Amino acid sequence: AQSVTQLDSQVPVFEEAPVELRCNYSSSVSVYLFWYVQYPNQGLQLLLKYLSGSTLVESINGFEAEFNKSQTSFHLRKPSVHISDTAEYFCAVSDSGAGSYQLTFGKGTKLSVIP
Amino acid sequence: KAGVTQTPRYLIKTRGQQVTLSCSPISGHRSVSWYQQTPGQGLQFLFEYFSETQRNKGNFPGRFSGRQFSNSRSEMNVSTLELGDSALYLCASSRTDSTEAFFGQGTRLTVV
């Protein structure tokens, strides 16, 4: 069984300030890791993913996340946030060997960017 | 390329009724998964279908069921609705050779 813990339910941050959204996971098997973003009244959009290889992964809109196997973490960071980054962010894992697409999600972190 | 389409977007049902939600995956995607999102429980996996077969199932009662058709479109059904079934139901589709799940905008079900 897998579980995901997002340590902060809400994170307020001023515009142009850096932000880190924390994610820790627990699994007895090898996993893939994902960050999804959800805007109000919308579905989920994939922000970035870690499958293998380089432990630092980046998205096209300036977010990055680093896979740390020893700490079982996959924290999301952005050096300078914009108002448009206000949304809810979900960390998720899936079993890399299962051959199915079941995702286990954390409870989400609401990022509020303050002008 | 059209995204994942879920219909209807909003639904209001009475306790005890049943409901059917529909999901049309991205063309070429053969895997369809369903998730329930509530403020209290967050996002929870319901089930996954691949080539018309249920490949995986979450921890939900038997009132929740689904199916997939030969064109990969999927439906989920909830019978004997309870107030606690009020939620956003999300469908996601995936290509066979990809790890990425593409989500629809969801169906918001309200049970009164």
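Let me sum up the structure you'll find in this document.

About the thresholds
- Residues numbered from 1 in each chain as written.
- Chains lettered and ligands numbered in written order.
- Predicted model: local features only at pLDDT ≥ 70, side-chain atom pairs only at ≥ 80, totals over all residues.
- Heavy atoms only, no water.
- Helix = DSSP H or I, 4+ residues; strand = E, 2+ residues; numbered from the N terminus.
- Rg over C-alpha atoms; globule rule 2.2 N^0.38 Å.
- Buried < 20%, exposed > 50% of the residue type's maximum accessible area, 1.4 Å probe, protein only.
- Contact = heavy atoms within 4.5 Å.
- Areas by Shrake-Rupley, 256 points an atom, 1.4 Å probe, with all protein chains shown as cover.
- Lys, Arg positive; Asp, Glu negative; His and termini not counted.
- Charge placed at Lys NZ, Arg CZ, Asp CG, Glu CD.
- Polar contact = N/O pair within 3.5 Å; in protein donor to acceptor, adjacent residues only side chain to side chain.
- 1 Å grid on protein atoms, 1.4 Å probe; cavity = no way out; pocket = protein on both sides within 12 Å on 5 of 7 lines; lining within 4 Å.
- Points joined across faces, edges and corners; volume = space filled by probe spheres on them.
- Nonpolar A, V, L, I, M, F, W, Y, C, P; charged D, E, K, R; others polar.
- Buried area = accessible area lost by both parts, 1.4 Å probe.
- Salt bridge = Lys/Arg side-chain N within 4 Å of Asp/Glu carboxyl O.
- Pairing = 2+ DSSP bridges.
- Disulfide = S-S within 2.5 Å.

Looking now at the overall build of chain B. Scanning chain B from N- to C-terminus turns up zero helices and 11 strands. Helices and strands in chain B line up, N terminus first, as β-β-β-β-β-β-β-β-β-β-β. Over its C-alpha trace chain B gives a radius of gyration of 13 Å, about what one expects of a compact globule, namely 13 Å for 112 residues. Residues counted as buried form 50% of the 112 residues belonging to chain B. Relative to all contacts within chain B whose residues are 6 or more apart in sequence, the contacts with residues 24 or more apart total 52%. As displayed, chain B offers around 5,300 Å² of accessible surface, 47% of which is attributable to carbon and sulfur atoms. For chain B, the separation between the mean place of its 12 positive charges and that of its 7 negative charges on side chains is 4 Å.

Residues and elements named next belong to chain A. By secondary structure assignment, the location of Ser59 is in the loop between strand S7 (56–58) and strand S8 (64–68). Within the local environment of Ser59, its side chain forms a polar contact with the side chain of Asn61, the two groups lying 2.5 Å apart. Not counting residues within four places of it along the chain, the set of residues in contact with Ser59 comprises Leu47 and Leu48.

Moving on, we get to empty space enclosed by the protein. Any space left empty among the atoms is revealed by the rolling of a water-sized probe across them. Scanning all chains against the criterion turns up one cavity of 30 Å³ or more. Taken as a whole, the largest cavity holds about 50 Å³ of empty space. Lining the largest cavity are Asn41(A), Gln42(A), Arg9(B), Tyr10(B), Leu88(B), Gln105(B), Gly106(B) and Arg108(B). Its residues assigned to classes, the lining of the largest cavity comprises two nonpolar, four polar and two charged.

Facing the 26 residues of chain B at the interface are 19 residues of chain A. Taken together, the two surfaces of chain B and chain A that pack against each other cover about 1,900 Å², and 50% of this comes from carbon and sulfur. Counting the surface chain B buries against chain A, the share from its top three residues, Leu43(B), Thr99(B) and Phe103(B), is 31%. Counting across the chain B and chain A interface gives zero salt bridges. Summed over the shared surface of chain B and chain A, the number is six residue pairs in polar contact (both at pLDDT 80 or more). For the side of chain B that touches chain A, the elements supplying multiple residues, two or more each, are strand S4 (31–38), strand S5 (42–50), strand S6 (53–57) and strand S9 (87–94) of chain B.

On to the pairing of S6(B). Where S5(B) and S6(B) come together, four bridges link them in antiparallel fashion. Paired with Tyr49(B) across the two strands is Gln54(B), which belongs to S6(B).

Residue and element names in this part refer to chain B. This structure, assessed with the given rule, holds two disulfides over all chains. The disulfide bridge from Cys23 ends at Cys91, spanning 1.8 Å between sulfur atoms. Residues Cys23 and Cys91 are joined through a disulfide that is left-handed, its torsion about the S-S bond being -55°. Placement of Cys23 in strand S3 (residues 19–24) and of Cys91 in strand S9 is noted, with a sequence separation of 68 residues between them. Residues Cys23 and Cys91 agree in their burial class; the two are buried.

The quantities given are spatial measurements derived from coordinates; they are silent on function.
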